[in-house]
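Here are the chains, one letter per residue:
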Amino acid sequence: MGLMSSILGESGSSRKTDDYVELNADDFDTSGADVDRQIRIAQISDTQDVIEIKDAVYDGDIVIADIIRHSTQDRTMEHISDELKQVTNEVGGDIVQKDDDQLIIAPSGVGISRDRLGR
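These lines cover the structure that appears in this document, whether it is placed above or below. (Residues numbered from 1 in each chain as written. Predicted model: local features only at pLDDT ≥ 70, side-chain atom pairs only at ≥ 80, totals over all residues. Heavy atoms only, no water.)

**A closer look at the side chain of T88**
The residue T88 is located in helix 3 (residues 75-91) in this model. With relative accessibility at 3%, the residue T88 sits in the buried group. For T88, the contacting residues outside a window of four places in its chain are G93, D94, I95, I105 and A106. (Helix = DSSP H or I, 4+ residues; strand = E, 2+ residues; numbered from the N terminus. Buried < 20%, exposed > 50% of the residue type's maximum accessible area, 1.4 Å probe, protein only. Contact = heavy atoms within 4.5 Å.)

**A few points about the sheet that holds strand 4 (residues 102-106)**
Strand order in the open sheet formed by 4 strands is 1-2-4-3, and the pairing between neighbours is mixed. Since the sheet does not close on itself, it has two edges, and those belong to strand 1 (39-43) and strand 3 (94-98), each with one partner. Between one strand and the next, the sheet's axes are offset by a mean angle of 15°, whatever the strand orientation. Here strand 1 pairs with strand 2 (residues 62-66) via 5 bridges, running parallel. If you follow A42 over to strand 2, its bridge partner there is A65. Seen against the sheet, helix 2 (residues 49-58) touches strand 1, strand 2 and strand 4 and runs at an angle of roughly 160° to strand 2. Helix 3 contacts strand 3 and strand 4 of the sheet and is inclined by roughly 15° relative to strand 4. (Pairing = 2+ DSSP bridges. Axes fitted to C-alpha atoms, helices over the stretch in contact; angles between N-to-C directions.)

**Looking at the nonpolar core**
Ranked by internal contacts, the top residues of the largest apolar core, which has 16 residues, are I44, I53, V63, A65, L84, L103 and I105. Taken together, the elements giving at least two residues each to this core come down to helix 2, strand 2, helix 3 and strand 4. Beyond its immediate chain neighbours, meaning those up to four positions away, V63 contacts R40, A42, I53, A56, V57, L103, I104 and I105. Ranked by size, the runner-up nonpolar core spans 5 residues in total, among them I64, I104, A106 and I112. (Core = buried A, V, L, I, M, F, W, Y, C linked by side-chain atoms within 4.5 Å.)

**Looking at the environment of I67**
Position of I67 among the secondary structure elements: in the loop between strand 2 and helix 3. Residues I67 and L103 lie 36 residues apart in sequence; the distance between their C-alpha atoms is 7.0 Å. For I67, the residues in contact, after removing those within four places along its chain, are I44, M77, Q97, D100, D101, Q102 and L103.

Have a look at this one:
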């Protein structure tokens, strides 16, 4: 299984907490890293969580948002998706839903491929 498959999962696979390894950020030297963008991880539990995601996208960050607590047919999820699509349009970015559990939101200058690697 590749790195991105480990992060994003594979279609049809079941993920367990044991599948993930906790990495301590102190183990990595980031002093020389001058970054313009970050990949941010978020969990959407309710509409309030969208505010931080919108701010991150406006700041130029890429956000991978866990939406597992919502059904894709849920009215709240429809509202959240519409808000995030609007932000994406405003910044000239891209948004895609990965399976039923994640949204990936990218700012201007970053496109999200709809083709999976290795297939």
